[in-house]
Amino acid sequence: MSQQTKATPEPDRSSGDGNAKTPSLMTAVVQRRFGTADVLQLEEIPVPEPDEGQVLVEVEAASLNALDWHFVSGTPYFIRMVAGLRTPKRKTPGADVAGTVVQVGPGVSGFNAGDAVFGEIKGGSCAPFVAADVKGLVLKPSSVSFEDAAAVPVAGLTALQALRTHADLQSGERVLINGAAGGVGTMAVQIAKAMGAHVTGVCSTRNVEMVRSIGADRVIDYTTDDFVSRGPRFDVMLDNVGNRTTDECLSVLTPDARYVQTSGPKDNRWYGPMLSIGLRALRFRRASQSFHQFTAEPNHDDMIHLGRLLESGLLVPQIQQTIDLSGVPDAVKEISGGHTRAKIVVKPS
Ligand SMILES: NC(=O)c1ccc[n+]([C@@H]2O[C@H](COP(=O)([O-])OP(=O)(O)OC[C@H]3O[C@@H](n4cnc5c(N)ncnc54)[C@H](OP(=O)(O)O)[C@@H]3O)[C@@H](O)[C@H]2O)c1
């Protein structure tokens, strides 16, 4: 597993509009239908033009998330309201991007050709170029590598918004992170430590050392131990798995605790975890602890905060592998299994 990747000098495209160096065609990962990861193929497609509020980014690195699998498979089916009813609207996966602005679209201020940026976009980063909405992008700190920056946006925003916005985690509080070894979990362990919390992480045997190495004060191996049954002791629970009953979760929470759920059981192909999340929210109404469920949204303040954590070394993305575009189908297949370790980074060239 790689630790912090050394930043490489950024290409200087600041002179000229960058457009002259941009080809008209590129080889990208493309899906023409919903299905298993095998629907992903390398195809030659036009380099996109940036629309209103967008910039064209030359992708230096991207990273994959569980959401890429949902957009590839089109499951649970309710996501087709945004993903496309019969055929995918989002033809190229990848919501995390780090790269260099090569063209600025209409109505954009604050970004120039040559800027190194990173952020969360609406898909398309598994390609050499992507047209990206600027509302999810910020300037990349120069000391941070493109690979580290690309590993952060979706998982980092989810962890930060769970712990800071929803749980209002305070220094000295005790936080339990169920699912500490995935993309969100590894960001959450480090962000919670940076906020001064005492962190307990839950993962399987093969990930115990990794979760400890990124700062968890205590690691519970769920294959041999159980975080339930030792009484109320956590002020915050961040649940990235949703595999325990509501009463089991309540049993480990102090009376004023906050329970934040990012995920739940995914066995229903129509509505995924929505029913179980709804029932859990109802049960929490009869409890003193608060319930929070949310979908992370990109915003500049949170992205800048994540950039500062990266710059300071308080957040070091755990990159389990770096692949090229041809490795994306296998990586998406791995993600569909629900046991990805930390982050997979994609380098388009
Ligand atoms: N609400 C939102 O806005 C939002 C945003 C991003 C992600 N999500 C959701 O949050 C979840 C986590 O995302 P992610 O990117 O971290 O996924 P991920 O990278 O695929 O990681 C999943 C992790 O879950 C762990 N896990 C699986 N079963 C477990 C169990 N029984 N107990 C404890 N840990 C277990 C795995 O660790 P082991 O291999 O050690 O079991 C794995 O590392 C996904 O379901 C995703 O869809 C929600």
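Cut-off values and rules
- Residues numbered from 1 in each chain as written.
- Predicted model: local features only at pLDDT ≥ 70, side-chain atom pairs only at ≥ 80, totals over all residues.
- Heavy atoms only, no water.
- Helix = DSSP H or I, 4+ residues; strand = E, 2+ residues; numbered from the N terminus.
- Rg over C-alpha atoms; globule rule 2.2 N^0.38 Å.
- Buried < 20%, exposed > 50% of the residue type's maximum accessible area, 1.4 Å probe, protein only.
- Contact = heavy atoms within 4.5 Å.
- Areas by Shrake-Rupley, 256 points an atom, 1.4 Å probe, with all protein chains shown as cover.
- Near = heavy atom within 4 Å.
- Polar contact = N/O pair within 3.5 Å; in protein donor to acceptor, adjacent residues only side chain to side chain.
- Nonpolar A, V, L, I, M, F, W, Y, C, P; charged D, E, K, R; others polar.
- Pairing = 2+ DSSP bridges.
- Right-handed = clockwise from strand over helix to strand, strands pointing away.
- Core = buried A, V, L, I, M, F, W, Y, C linked by side-chain atoms within 4.5 Å.
- Phe/Tyr/Trp six-rings, centres within 6.5 Å; stacked < 30°, edge-to-face > 60°.
- Lys NZ or Arg CZ within 6 Å of the ring centre and 35° of its normal.

**Q** Can you lay out the overall build of the protein chain for me, pointing to particular residues and giving the numbers?
**A** What the protein chain contains, in helices and strands, is 10 helices and 15 strands. Its C-alpha atoms give the protein chain a radius of gyration of 20 Å, near enough to 20 Å, the size a compact globule of 349 residues would have. Buried positions account for 56% of the 349 residues belonging to the protein chain. Nonlocal contacts in the protein chain, meaning residues at least 24 apart in sequence, comprise 69% of its contacts between residues at least 6 apart. With the model as given, the accessible surface of the protein chain reaches about 15,000 Å², and the carbon-plus-sulfur share is 51%.

**Q** I'd like a description of the site of the ligand, backed by residues and values.
**A** Near the ligand there are 26 residues, and of these Ser204, Tyr222, Ser263, Lys266 and Thr340 occur at the shortest range. Side-chain polar atom of asparagine 207 to an oxygen atom of the ligand: 2.8 Å apart, as the coordinates give it. The contact in question runs from an oxygen atom of the ligand to an N or O atom on the backbone of threonine 340, over 2.7 Å. Computed on the free molecule, the ligand has an accessible area of 910 Å², of which 87% lies beneath the protein chains in the complex. Going through the elements one at a time, helix H5 (183–194) and strand S9 (198–203) are the ones with two or more residues in the shell around the ligand. Looking at the shell around the ligand residue by residue, the classes come out as nine nonpolar, 15 polar and two charged.

**Q** Which residues make up the pairing of strand S8 (residues 174–178), and what are the values?
**A** Of all five residues that make up S8, four are buried, and the element is covered over most of its length. Relative to S9, S8 runs parallel, the two being bridged by five bridges. Following the sheet pairing, leucine 176 is matched in S9 by threonine 200. In terms of handedness, the path from S8 via H5 over to S9 forms a crossover that is right-handed. With four bridges joining them, S8 and strand S11 (residues 234–239) adopt parallel strand pairing. Counted as the bridge partner of leucine 176 is methionine 237 from S11.

**Q** So, the nonpolar core: which residues are in play, and what are the values?
**A** Membership of the largest hydrophobic core comes to 49 residues, with the highest contact counts inside it found for Val175, Ile191, Val211 and Leu306. Counting residues per element, this core draws most heavily on helix H4 (residues 153–166), at six residues. Setting aside residues up to four positions removed in sequence, isoleucine 191 forms contacts with Gly156, Ala159, Leu160, Leu163, Leu306, Leu309 and Leu315. Among the nonpolar cores identified, the runner-up in size contains 29 residues, and Val57, Val72, Val97 and Leu325 belong to it.

**Q** Which residues make up unusual backbone geometry, and what values do they have?
**A** Here threonine 75 and proline 76 are connected by a cis peptide whose omega angle stands at -15°. Inspection of the secondary structure puts proline 76 in the loop between helix H1 (66–73) and helix H2 (80–83). The backbone of aspartate 168 sits at a positive phi, close to 50°, despite the residue not being glycine. Within the secondary structure layout, aspartate 168 lies in the loop between H4 and S8. With a phi angle near 50°, alanine 342 is a residue other than glycine that sits in the positive phi range. Its location among the elements puts alanine 342 in the loop between helix H10 (328–336) and strand S15 (343–346).

**Q** Tell me about the packing of aromatic side chains, and please be specific about residues and values.
**A** Enumeration according to the criterion identifies four aromatic pairs in this entry. Geometrically, the ring pair formed by tyrosine 259 and phenylalanine 284 is stacked, given 5.2 Å between the ring centres and 25° between the ring planes. One end of the pair, tyrosine 259, is in strand S12 (residues 253–261); the other, phenylalanine 284, is in helix H8 (residues 274–284), with 25 residues separating them in the sequence. Each member of the pair tyrosine 259 and phenylalanine 284 is classed as buried. On the basis of relative accessible area, phenylalanine 284 is assigned to the buried category, the value being 3%. Taken together, the ring pairs connect Tyr259, Phe284 and Phe291 into an aromatic cluster. For lysine 140, the ring lying beneath its charged end belongs to phenylalanine 146, and the centroid distance is 4.6 Å. We note arginine 244 situated over the ring of phenylalanine 227; from NZ or CZ to the ring centre the distance is 5.3 Å.

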